[in-house]
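# Descriptive structure summary
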Amino acid sequence: MSTPRQPSAGGSGNPRRPAAPKGAAPRGQASKKAQPAKPQPTKPQSAKAQPARPKQPAGGQPAKAAAARTPRAPQQRRPEGRPPARSQAAARPRPKSRPPQRPKALKLAEPKRRLRVITVVLSLVFSVFAGRLVQLQLLDADALAADANTNRYLNIPITAERGSITSSDGVALAATVDAYDITADPAMFTPEATGVPDAPEQAAALLSPIIGVPKEKIAADLHTPKSRYKRLAAQQTPSAKSQISELKANLEKQAGSRACQAQKRQLGKPADQGGRTRVDNECANPLAGVFNQETQKRVYPSDGLAANLVGFVNGEGQGAGGLELQYQKLLAGKDGHNSYAQAGGRLVPTAGGSLEAAVPGSDVKLTINRDIQWAAQRAIADQVANSGAEKGYVVVQDVKTGRVLAMATAPGFNPNDLSTAKQSQLGNAALGDAYEPGSTAKVMSMAAVLDSGKATWDTKVTVPNRLVRAGQQFKDDVDHDNWYLTLAGVLAKSSNIGTIEAIETLGDGDQLKANQVLDGYLRKFGVAQPTGLNFPGETVGKLKKPEDLVASEKYNISFGQGPLQMNALQATSVYSTIANGGVRVAPSIVQGITSPDGKYSPTPPGEQTRVVSDQTAKTLTQMLESVVDDEQGTGGKAAIPGYRVAGKTGTANRGAANGVGYDGYTASFIGFAPAEAPRVTVSCTLQGPVNGHFGGQLCGPVFKQVMEFTLKTLQVPPSNSEAPNLPVDWKP
């Protein structure tokens, strides 16, 4: 055991070492004569055996009592700079408890040494930086590039708000409401990004019941990691968007648990270190890469009202039929885009980006009157059902402006739910069907004869039961003895034979010349000519050149059969031309356009063409009144109490679907009112009726119903004069 150290001399509170005897050498210095005593080993005393040290007063002098107990030896002055000699008493063992020592003064390091240390430290730091740069630029470049792929800029299209289609009073027939496109970033569905190998399949199983898209298609879209943007479903409702957002949030919360985070940290580590190749399904969020993008959805507030005219949009929100298709570019506007940086599917606000705002589409205002359109649709739908017809259409036109006030077809469809519609119902048959008009075309033949001065309304015509021309027998709709009719009577009784005889006068015995004259009038009336609407699927009809007519075609063209075909609007326009004093006004459906800046541009008035003289038109009007008012006329069911009505029935053989021969009938009635001051033309056409086939019988009532409603809606006053009642026959 080592000998305890003795306490140092001096210091407040510490016992002072007894001074050496007088004459003794200072501490640490032995007398030249004295020899050092051989130290005797001493046993350390215990704490109890050790004598107590005397306490010093605050002034540093020993107490009297302590001095009495411990005699103080005389001290010898020691020379300056020399340490006191150690006496033998200094070899006494120290007490175990060591008193606090005075702190030692710090020595400053040498500058050169400090500089060397700093240099070494900086060299190490720069070496670490250099090594890290080598790792980033050379060793891990490919891996880092792959990681950066998830932080790239995304370019998200912004769909422009589609313009509205409204009726003439500004009520929306097609409008746009808020909706959401469900989109995805396929790069976020890889095994590396999700921790599971089948993330696309898991996401597809969750999304399919909500967005109504087959699971296989969703999974296929998500298996395209090189593509950063896929639209999984368009125009979803706010409810569907909320379901997906809630489901995604729940999965994200579950995947963020401590246990799941621990699994993710083990991905890619060696197996001997507890590494994993995938996380549990409960720890994966397969919807992390699914997003929603605000867009619009096309709706039709009135369901099927004017659907055949307005049309519809496809699943991408683009026009696919009707006016929606025709005015697609105008209605759609110009899409914008939003480019931004994302990390893990989240926007990085400080990374910048670009935004190009979308330009809304223009609004299209139609000439359609909602109330008249509704009445027309109801009337034709009921008659199609009652007659067992394949289809039917009604057209209502303003005779002065050419504007179409209604265009109804049956059966129709609801553009809000195309799943219930047949392909044949999606078009507009009133413009797309080319049919042989039959007797309603006789008014053009009469116009040619009257306007050419070859006959007058009271010209006497003898009508036999049969007429042989070009080796074929022609007949009327009923067998009869010789009829003695005026030209007005030929029209009133709708005689085919009488019409052939009247047309023959145009050529003075030359049938080719007669057909050439007739052809000129037919084309001026708009037969086989574009209506000017440019409506999708519209037909211009058919009209053979006079030189191409063969055999019976040279004659049956005069009563609307054979080489002559028209659509319903063309046929309606013929009667509007007569009602307008012989001036044809090009039909129109669009009343005006409102641009995105709110500027309204009305559609220019329809082009006007003089077809027949005003006098010819007036005479024809009076002849057409006989069709409705005279008891021998075929249009009695079209009469409207209080109004003078001019019109014509039509019953034609209907061409077979395969283009060979005939199959069934086309029944029609076209007229205008009031006859003395025409305001509106209404046409009704039924294709393939089975419960009757005469135009006056089937379409006369439809005309009456729609015309009555239209006159009241437009507040047209009743007639204030009587019909002329032109004689229809004569006695030989």
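Note that the structure is a prediction, hence the values are computed from the model and not measured. (Residues numbered from 1 in each chain as written. Predicted model: local features only at pLDDT ≥ 70, side-chain atom pairs only at ≥ 80, totals over all residues. Heavy atoms only, no water.)

### Quick look at the nonpolar core
Quick note on the threshold: Remark: nonpolar core denotes a set of buried residues (Ala, Val, Leu, Ile, Met, Phe, Trp, Tyr, Cys) joined through side-chain atoms within 4.5 Å. Relative accessibility decides the category of a residue: with a 1.4 Å probe and only protein chains considered, values under 20% of the type maximum give buried, values over 50% give exposed, and everything between is partly exposed. Contacts were defined at the residue level, with two residues in contact if any of their heavy atoms lie within 4.5 Å.
Core analysis: the largest hydrophobic core is formed by 92 residues, its most contacted members being Leu-366, Met-407, Met-444 and Leu-487. Once residues within four sequence positions are removed from consideration, Met-407 is found in contact with Asn-308, Leu-309, Ile-368, Gln-373, Val-394, Val-395, Asn-428, Ala-430, Leu-431, Leu-569 and Ile-589. Among the nonpolar cores identified, the runner-up in size contains 32 residues, and Ala-408, Ala-410, Val-628 and Ala-667 belong to it.

### Quick notes on a negative patch on the surface
We apply this condition: Each patch is assembled from residues with relative accessible area greater than 30% and no salt bridge, linking like charges that lie within 9 Å and nonpolar side chains (Val, Leu, Ile, Met, Phe, Trp, Tyr) that lie within 5 Å. Throughout, the Shrake-Rupley method with a 1.4 Å probe supplies accessible areas, and for residues the shown protein chains are the sole cover considered. Between Lys or Arg on one side and Asp or Glu on the other, a salt bridge is scored when a side-chain nitrogen of the former is within 4 Å of a carboxyl oxygen of the latter. Two residue types count as positive, namely Lys and Arg, and two as negative, namely Asp and Glu; His and chain ends fall outside the count. By convention, the point assigned to a charge is CZ for Arg, NZ for Lys, CD for Glu and CG for Asp. Every helix listed is a DSSP run of H or I at least four residues long, and every strand listed is a run of E at least two residues long, numbered separately from the N terminus.
A contiguous patch of negative charge, built from Glu-161, Asp-178, Glu-294 and Asp-363, is present on the exposed surface. Relative to the elements of secondary structure, Asp-178 occurs in strand 3 (residues 172-184).

### Some words on the confidence of the model for the protein chain
To keep it simple, the criterion reads: Here pLDDT means the predictor's own confidence in every residue, given as a number from 0 to 100.
Mean pLDDT over the protein chain: 85, with 81% of residues reaching 70 or higher. Considering only residues more than four positions removed or in separate chains, one finds that residues 1-71, a stretch of pLDDT under 50, has 75 contacts. Low pLDDT, under 50, characterises residues 86-91; the stretch is placed with 7 contacts to residues that sit more than four places away or in other chains.

### Digging into the environment of Ser-362
In this structure, Ser-362 sits in the loop between strand 10 (353-356) and strand 11 (363-366). A residue is classified by how much of its surface remains accessible, and Ser-362, at 6% relative accessible area, is buried. In this structure Ser-362 touches Gly-163, Ser-164, Leu-330, Leu-331, Ile-593, Thr-594, Ser-595 and Pro-596, once residues within four positions along its chain are discounted.

### What about the environment of Lys-542?
In this structure, Lys-542 sits in strand 18 (residues 542-543). A C-alpha to C-alpha distance of 5.2 Å links Lys-542 and Ala-528, two positions 14 residues apart in sequence. Apart from the residues within four sequence positions on either side, Lys-542 is in contact with Val-527, Ala-528, Pro-563, Leu-564 and Gln-565.

### Observations regarding unusual backbone geometry
Excluding glycine, most residues fall at negative phi; most peptide bonds, likewise, are trans. Note the cis peptide between Ala-410 and Pro-411, where omega equals 0°. Looking at the element boundaries, Pro-411 is found in the loop between strand 13 (404-410) and helix 13 (429-432). Each neighbour pair has its own omega, and for Ala-673 with Pro-674 the value is -15°, a cis peptide bond. Mapping Pro-674 onto the fold places it in the loop between strand 25 (662-673) and strand 26 (680-687). In this structure, Gln-235 takes a positive phi of about 55° despite not being glycine. For Gln-235, the location among the structural elements is in strand 4 (residues 230-236). Residue Gln-235 is classed as buried on the basis of its relative accessible area, which comes to 17%. Not every positive phi belongs to a glycine, and Ala-306 is a case in point at roughly 60°. When you line up the elements, Ala-306 lands in the loop between strand 5 (290-299) and helix 9 (307-310). Using a relative accessible area of 0% as the deciding quantity, one classes Ala-306 as buried.

### Considerations on the state of the cysteines
The criterion, for reference: A pair of sulfur atoms, both from cysteines and within 2.5 Å, is called a disulfide here.
Tallying each qualifying case throughout the model produces 2 disulfides. Sequential numbering of the bridged cysteines in the protein chain gives the disulfide pattern 1-2, 3-4.

### A short note on the packing of helix 5 (residues 199-211) against helix 7 (residues 238-255)
Each pair of packed helices can be described by the angle between their axes along with the distance between the axes. Quick reminder of the rule: Every angle, taken between N-to-C directions, lies between 0 and 180 degrees, and every axis is a line fitted to C-alpha atoms, over only the stretch in contact when it is a helix. If an angle is under 35 degrees, it is roughly parallel; if it is over 145, roughly antiparallel; if it lies from 65 to 115, roughly perpendicular; otherwise it is oblique. It is the rotation of the near helix from the far one that decides the hand of a crossing: anticlockwise by less than a right angle makes it left-handed, clockwise makes it right-handed. Under the grouping applied here, Gly and all other residues not named as nonpolar or charged are polar, the nonpolar ones being Ala, Val, Leu, Ile, Met, Phe, Trp, Tyr, Cys and Pro and the charged ones Asp, Glu, Lys and Arg.
Relative to each other, helix 5 and helix 7 sit at 160°, their axes nearing to 10 Å. In terms of axis orientation, helix 5 runs roughly antiparallel to helix 7. Helix-helix and strand crossings are classified by hand; for helix 5 and helix 7 the assignment is right-handed. Contact with helix 5, carried on its side by Leu-206, Leu-207, Ile-210 and Ile-211, involves Ala-240, Gln-243, Ile-244, Leu-247 and Leu-251 of helix 7 and no other residues of that element. The class makeup of the residues in the contact of helix 5 with helix 7 is 8 nonpolar, 1 polar and no charged.

### Re helix 17 (residues 511-524)
This is how it is decided: A helix's residues, less one, multiplied by 1.5 Å, set its expected span. Here the arc refers to the directions that run from the helix axis out to each C-beta atom. The definition of a polar contact used here is a pair of N or O atoms within 3.5 Å, where within protein one atom must be able to donate a hydrogen and the other to accept one, and adjacent residues in sequence count solely through side-chain atom pairs.
Taking 1.5 Å of rise per residue, the 14 residues of helix 17 would be expected to cover 20 Å, and the 20 Å separating its terminal C-alpha atoms lies within 8% of that figure. Along helix 17, the positions that sit buried rather than exposed are Gln-511, Ala-514, Asn-515, Leu-518, Asp-519, Tyr-521 and Leu-522. Across the axial projection of helix 17, the buried residues extend over an arc of 165°, all falling on one side. Residues of helix 17 that are buried in the fold lie against helix 14 (442-451), helix 16 (496-504), strand 18 and helix 18 (553-556). In this structure Asp-510 caps helix 17, since a side-chain oxygen of it lies 3.1 Å from the backbone nitrogen of Leu-512.

### Overview of helix 6 (residues 215-222)
In an α-helix, one turn spans 3.6 residues, which is why side chains three or four residues apart end up on the same side. Along helix 6, the positions that sit buried rather than exposed are Ile-218, Ala-219, Asp-221 and Leu-222. Looking straight down helix 6, one finds its buried side chains confined to an arc of 160°; they lie on one side. Along its buried surface, helix 6 packs onto strand 3, helix 5 and strand 4.

### A word on the sheet that holds strand 26
Which entries qualify depends on this criterion: Strands are treated as partners if at least two bridges between them are detected by DSSP.
Overall, antiparallel pairing links the 5 strands, which are arranged 13-12-26-25-24 in an open sheet. Each edge of the sheet is formed by a strand with only one pairing partner; in this case those strands are strand 13 and strand 24 (646-655). Averaged over all pairs of adjacent strands, the angle between strand axes in this sheet comes to 10°, irrespective of strand direction. Strand direction decides the pairing type here: strand 12 (residues 391-398) and strand 13, joined by 6 bridges, are antiparallel. Bridge pairing in strand 13 links Val-395 to Met-407. Packed on one face of the sheet, helix 12 (residues 370-387) meets strand 12, strand 13 and strand 26 and runs near 30° to strand 13. Relative to the sheet, helix 19 (residues 568-579) contacts strand 12, strand 13, strand 24, strand 25 and strand 26, its axis offset from that of strand 12 by approximately 35°.

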